[in-house]
Amino acid sequence: RALTPQTAETDAIRFLVGTQSLRYDNQIHIIDFDDENNIINKNVLLHQVGEIWHISTSPADKGVLATCYNKTSDTKVMTCAAVWRMPKELESGSHESPDDSSSNTQTLELLCHLDNTAHGNMACVMWEPMGDGKKIISLADNNILLWDLQESSDKAVLSSSAALEGKGQLKFTSGRWSPHHNCTQIATANDTTVRGWDTRSMRQIYCIENAHGQLVRDLDFNPNKQYYLASCGDDCKVKFWDTRNVTEPVKTLEEHSHWVWNVRYNHSHDQLILTGSSDSRVILSNMVSISSEPFGHMVDDDELSDQEDQHQEEKIKEPLQDSVIATYEEHEDSVYAVEWSSADPWLFASLSYDGRLVINRVPRALKYHILL
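Residues numbered from 1 in each chain as written. Predicted model: local features only at pLDDT ≥ 70, side-chain atom pairs only at ≥ 80, totals over all residues. Heavy atoms only, no water.

> Explain the packing of aromatic side chains to me, please; I cannot follow it from the model alone.
We describe a pair of aromatic rings using the distance from one ring centre to the other and the angle between the two ring planes. Tallied over the entire structure, the rule returns eight aromatic pairs. Taking the centre distance of 5.4 Å and the plane angle of 70° together, the rings of W340 and F348 count as edge-to-face. Here the two residues W340 and F348 agree in accessibility, since each one is buried. Between R217 and the ring centre of W261, over which it is positioned, the NZ or CZ distance is 3.9 Å. Over the ring of Y228 we find K225, and its NZ or CZ is 4.1 Å from the ring centre. (Phe/Tyr/Trp six-rings, centres within 6.5 Å; stacked < 30°, edge-to-face > 60°. Buried < 20%, exposed > 50% of the residue type's maximum accessible area, 1.4 Å probe, protein only. Lys NZ or Arg CZ within 6 Å of the ring centre and 35° of its normal.)

> Is there a simple way to explain the layout of surface pockets in this structure?
To locate leftover empty space, one rolls a probe as large as a water molecule over the atoms. Its boundaries defined by the atoms lining it, the largest pocket holds a volume of some 1,500 Å³. In terms of lining, the largest pocket is formed by 48 residues, of which the most central are H54, G175, R176, R264 and E339. If you list the elements that add at least two residues to the lining of the largest pocket, you get β1 (2–5), β5 (52–57), β10 (122–127), β14 (172–177), β18 (216–221), β22 (260–265) and β26 (335–340). In terms of residue class, the lining of the largest pocket is made up of 25 nonpolar, 14 polar and nine charged. Summarising the domain contributions, the lining of the largest pocket has at least three residues from each of domain 1 (1–90 + 104–163) and domain 2 (167–293 + 318–371). (1 Å grid on protein atoms, 1.4 Å probe; cavity = no way out; pocket = protein on both sides within 12 Å on 5 of 7 lines; lining within 4 Å. Points joined across faces, edges and corners; volume = space filled by probe spheres on them. Helix = DSSP H or I, 4+ residues; strand = E, 2+ residues; numbered from the N terminus. Nonpolar A, V, L, I, M, F, W, Y, C, P; charged D, E, K, R; others polar. Domains from an automatic or database assignment.)

> Explain the sheet that holds strand β25 (residues 323–328) here, please?
Sheet strands pair via backbone hydrogen bonds, and the direction of the pair is either parallel or antiparallel. The antiparallel open sheet is built from four strands, whose spatial order is β22-β23-β24-β25. Of all the strands in the sheet, the pair left with one neighbour each is β22 and β25. Taking each pair of neighbouring strands and ignoring which way they run, the sheet shows an average axis angle of 20°. (Pairing = 2+ DSSP bridges. Axes fitted to C-alpha atoms, helices over the stretch in contact; angles between N-to-C directions.)

> Hey, could you run me through the environment of L215 in this one?
Relative to the assigned elements, L215 resides in the loop between β17 (203–208) and β18. The exposure class assigned to L215 is partly exposed, which follows from its relative accessible area of 24%. Sequence separation of L215 and W259 is 44 residues, and the distance between their C-alpha atoms is 9.0 Å. With near-sequence residues (within four places) excluded, L215 lies in contact with T173, D191, T192, C232, G233 and D234. (Contact = heavy atoms within 4.5 Å.)

> Just to check I follow, could you spell out the UniProt feature "repeat: WD" (unreviewed entry) in the chain for this structure?
What UniProt calls "repeat: WD" (unreviewed entry) maps, in this numbering, to residues 209–245. Taken end to end, residues 209–245 comprises 0% helix and 46% strand; its first and last C-alpha atoms sit 12 Å apart. (UniProt positions renumbered as here; feature names shortened; annotations may be inferred.)

> Quick question: what am I supposed to make of the sheet that holds β26 here?
Taken in spatial order, the three strands of this open sheet run β26-β27-β28, and their pairing is antiparallel. Each having just a single partner strand, β26 and β28 (357–361) make up the two edges of the open sheet. The mean angle between the axes of side-by-side strands here comes to 20°, regardless of whether they run parallel or antiparallel. In terms of strand pairing, strand β27 (residues 347–352) meets β28 through five bridges, oriented antiparallel. Pairing of S350 across the sheet is with V358, part of β28.

> Sorry, what's going on with the nonpolar core here?
Note that soluble globular proteins tend to have their nonpolar side chains buried in a common cluster. Residues V83, L114, M122 and I136 are the most contacted members of the largest nonpolar core, which totals 17 residues. Contributions of two or more residues to this core are made by β6 (64–73), β7 (76–85), β9 (109–114), β10, β11 (135–140) and β12 (143–149). Excluding its chain neighbours within four sequence positions, the residues that come into contact with L114 are A81, A82, V83, M122, V125, I136, S138, W147 and A156. Judged by nonpolar contacts, the second largest core, of 16 residues, contains I30, I52, Y69 and M86. (Core = buried A, V, L, I, M, F, W, Y, C linked by side-chain atoms within 4.5 Å.)

> How should I be thinking about a nonpolar patch on the surface in this particular structure?
Taken together, the side chains of Y368, L371 and L372 make up a nonpolar region of the molecular surface, amounting to roughly 340 Å² of accessible area. With respect to the helices, strands and loops of the structure, L371 is situated in helix α2 (residues 364–371). Under the relative-accessibility criterion, L371 is labelled partly exposed at 41%. (Patch = residues over 30% accessible without salt bridge, like charges linked within 9 Å, V, L, I, M, F, W, Y side chains within 5 Å. Areas by Shrake-Rupley, 256 points an atom, 1.4 Å probe, with all protein chains shown as cover. Salt bridge = Lys/Arg side-chain N within 4 Å of Asp/Glu carboxyl O.)

> Even after reading the chapter, I still don't get unusual backbone geometry, so can you show me in this structure?
Excluding glycine, a negative phi dihedral is what most residues carry, and trans is how most peptide bonds are arranged. Phi at N38 takes a positive value of approximately 50°, unusual for a residue other than glycine. The residue N38 is located in the loop between β3 (26–34) and β4 (39–47) in this model. The backbone of S280 shows a phi angle near 70°, a positive value even though the residue is not glycine. Among the structural elements, S280 can be located in the loop between β23 (272–277) and β24 (282–286).

> Help me understand the pairing of β27, please; the structure alone is not making it clear to me.
Residues in a regular strand point their side chains to alternate faces of the sheet. β27 sits mainly inside the fold: six of its six residues count as buried. Side-chain alternation along β27 places L347, A349 and L351 on one buried face and F348, S350 and S352 on a second face that is also buried. The pairing of β26 with β27 spans five bridges and is classified as antiparallel. If you follow A337 over to β27, its bridge partner there is L351. The hairpin formed by β26 and β27 contains six residues between the paired strands. Counted along the chain from β27 to the antiparallel partner β28, the turn is four residues long, and its residue G355 has a positive phi close to 90°.

Structure, rendered in structure tokens:
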């Protein structure tokens, strides 16, 4: 279920995948994609604790990652979180296949646990997007916990927290840290509600009630438009919100026929939206009308002669149309994760329940349409 790009690695195309095995030690697979030769190389790291439900990587340090995993104590299963370091030689993306002599599996080094004994089960761990890798937020049951990884980084100190209050058993399902507003805002999903929080005061700043008809599964922020947020859920829909006006979504996509587990904005071209669903499909959509370039690239006036100018202005007034670009059906099972590469904006990976990882590219025609 767990897939992430290696955020700090911007030269090589690299993804990390976590396993969910009940019998053996679980593993993190480091997937390096050699773009020129279309070859996938894999290294395996031992994760000597339970099934991995979520992985996230440090934005500042290629070797550091966090996982949420199951731990069985007595008769109870708890989902815990920890921060790990991978062996030095595996930190940055390399295209060398490991030689047979060195194929003994290496182990992740535990840096620290995010102690959640008092707070409940961990749903996810988020790193401060533009940060130095020292600030982490974890969501545990109905708690938001802000951690400070000390200089020694072998201890996580809880610096502040907030609890979701209300009727019933409230539990966060997912969250995202906004790259905007100096990284002082996060969004969380619980049940059918999406909430925004200020990380300085740990207070709620907006609330989208009944954002979806059923459980909200995932969220993502538009990297270029600070108030825009995407959500998806068990009502098979993907919705786009302007957090300044939360009464109605700006747009709704209804292309999937089952729960939508994941929604991701492209980091460079925010009209490209990736979604994965338990209908076994990955859909790439071109949401131009709500992107930061709704009219395509603007042409400088100086470059145009008067006649062209007239023509150009007429062209610019017409926004481009939103459309589904491609539906990918290589998976035979529920797609639980989709992610864009941190190194190549035209490349993405998807992971399904049967353990299949698929790497795809944005269709070339569209790529050149966006670029040229």
